[in-house]
Amino acid sequence: MTTIHQQQLEKLIQFQHPEKILDFLPGLTETQIATLFQLDTADYQRLKSRFQEQVRETAQSLLDDAAFADGIDRLPFQPGEIVLGLGESSTDDLLSWLELLRQAFELRRPHDQVRFVNAGVSGQTTTQALRSLTATLLQKPNWLICFVGANDVQRIGFPLAKSLVSLEETARNVAAIQHLAATQTKARQIWIIPPLVVSERIAANPFFQRLQLTWNNEDLIALGDLLRRKSGDVLDLQALFGNPTSPDLMYPDGLHPSLAGQQAIVRALVKHLIERNT
């Protein structure tokens, strides 16, 4: 296996999780999932274990900061509660803010038995999130953290560049998600506004160019304005990451938060949750 192929495979495993996309096939085994990646089970488990170790090491390094550790101690999650993250690739990522939060909480407060559910699906729009929401809410979460919308503003085709979901439809989807969650659960809702992209990296990415995909910061700013108006309890990553976005907080593709970016998100989320509950 070449180094380039190895890197591509690792990225696929980091961001793509067939057990979520193929959830209509119950009992999908690790051997079957490994086969989809053209790997044997041992190699697949080894690659996944590497990400799990990296998350645990990163969470421990975050906890070495006394202020962050104190923040985890003060989080308002009660014993036995369910924290559900609804999102796209920035959440589905095996090194995501939610996985870092899960590990930090388990390291610091293992006896509370809080369950973190990662319902992020890479590439998911708010329309797709809404489609699967009633099934997702059957888990009766106590906390619902929504980090969606960046794929709605993805544009397809040059020079047409049509967005996947119009801003008006995104607004209707957000309202529907809020309504369903409020009427079918008692979950506290927190909405995360996606950060801006690094435009020059998006434009230079050969994969995006080959498939004629792009993201515009003007669209993301409009999405941010929508979420600020409609979503109540909001964590604004556009303010956190900056305009222009700090390149260090994004992967070379210009779209996905890097591990440094994911750490910035989890730090900000912990701070936000504490401030909202004091």
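This text goes with the structure placed above it.
Residues numbered from 1 in each chain as written. Predicted model: local features only at pLDDT ≥ 70, side-chain atom pairs only at ≥ 80, totals over all residues. Heavy atoms only, no water.

A. Molecular detail of the pattern of salt bridges. In the structure shown here, the tally under the stated rule is 15 salt bridges. One salt bridge connects aspartate 65 with arginine 267, and the closest N-O pair in it is separated by 2.9 Å. Taken as a pair, aspartate 65 in the loop between helix H4 (41-63) and helix H5 (66-74) and arginine 267 in helix H15 (residues 259-276) lie far apart in primary sequence, 202 residues in all. Among the residues examined, arginine 267 registers a relative accessible area of 35% and is labelled partly exposed. Note that arginine 102 and glutamate 99 form a salt bridge whose closest N and O atoms lie 2.9 Å from each other. Within this pair, arginine 102 and its partner glutamate 99 are both found in helix H7 (residues 97-108), separated by 3 residues, close to a single helical turn. Residue arginine 102 is classed as buried on the basis of its relative accessible area, which comes to 16%. Residue classification places glutamate 99 among the buried residues on the basis of a relative accessible area of 13%. A single network of salt bridges, built from pairs that share partners, joins Arg188, Asp233 and Arg276. (Salt bridge = Lys/Arg side-chain N within 4 Å of Asp/Glu carboxyl O. Helix = DSSP H or I, 4+ residues; strand = E, 2+ residues; numbered from the N terminus. Buried < 20%, exposed > 50% of the residue type's maximum accessible area, 1.4 Å probe, protein only.)

B. Molecular detail of the packing of aromatic side chains. Enumeration over the complete set of coordinates arrives at 9 aromatic pairs. Residues phenylalanine 15 and tyrosine 251 carry aromatic rings whose centres are separated by 6.4 Å and whose planes lie at 80° to one another, so their mutual orientation is edge-to-face. Of the two residues, phenylalanine 15 is situated in helix H1 (residues 3-15) and tyrosine 251 in the loop between helix H14 (237-241) and H15; the sequence distance between them amounts to 236 residues. Across the pair, exposure class does not vary: phenylalanine 15 and tyrosine 251 are buried alike. Ring centres of phenylalanine 37 and tyrosine 44 lie 5.9 Å apart, and the angle between their planes is 15°; on these two criteria the pair is classed as stacked. Grouping residues by exposure puts phenylalanine 37 and tyrosine 44 together as buried. Three or more aromatic residues joined by ring pairs make a cluster, and in this case those are Phe77, Phe105, Phe116 and Trp143. (Phe/Tyr/Trp six-rings, centres within 6.5 Å; stacked < 30°, edge-to-face > 60°.)

C. Structural view of the environment of valine 266. Structurally, valine 266 is set in helix H15. Every residue in contact with valine 266, bar those within four places of it in the chain, is listed here: Leu62, Phe68, Trp97, Leu100 and Leu101. (Contact = heavy atoms within 4.5 Å.)

D. Summary view of the sheet that holds strand E5 (residues 162-163). Pairing in this open sheet of 3 strands is antiparallel, and the strands run E5-E4-E7 from one edge to the other. In this open sheet, the two edge strands, each paired with only one partner strand, are E5 and strand E7 (213-214). Pairing of strand E4 (residues 155-156) with E5, which is carried by 2 bridges, proceeds in the antiparallel orientation. Directly across from isoleucine 156, in E5, lies its bridge partner lysine 162. (Pairing = 2+ DSSP bridges.)

E. Fine view of unusual backbone geometry. Residues phenylalanine 158 and proline 159 are joined by a peptide bond in cis, for which omega reads 0°. A cis geometry characterises the amide bond from asparagine 243 onward to proline 244, with omega recorded as 10°. The topology assignment puts proline 244 in the loop between H14 and H15. Even without being glycine, glutamine 38 reaches a positive phi, approximately 60°. Mapped onto the secondary structure, glutamine 38 falls in the loop between helix H3 (30-36) and H4.

F. Structural view of H4. If you check H4, its first and last C-alpha atoms are 33 Å apart, about what 23 residues at 1.5 Å a residue would give, namely 33 Å. Within H4, burial applies to Tyr44, Leu47, Lys48, Phe51, Val55, Thr58, Ala59, Leu62 and Leu63. (Expected span 1.5 Å × (residues − 1).)

G. Region of the structure containing the packing of H7 against H15. Contact geometry for H7 and H15: axes closest at 8 Å, N-to-C directions at 60°. Considering their axes alone, H7 and H15 lie oblique with respect to each other. The interaxial crossing formed by H7 with H15 has right-handed handedness. Taking contact as the criterion, the partners of Trp97, Leu100 and Leu101 in H7 are, on H15, Leu259, Gln262, Gln263, Ile265, Val266, Leu269 and Val270. A breakdown of the residues in the contact of H7 with H15 according to their chemical character gives 8 nonpolar, 2 polar and no charged. (Axes fitted to C-alpha atoms, helices over the stretch in contact; angles between N-to-C directions. Parallel < 35°, antiparallel > 145°, perpendicular 65-115°, else oblique. Left-handed = near helix turned anticlockwise from the far one by under 90°. Nonpolar A, V, L, I, M, F, W, Y, C, P; charged D, E, K, R; others polar.)

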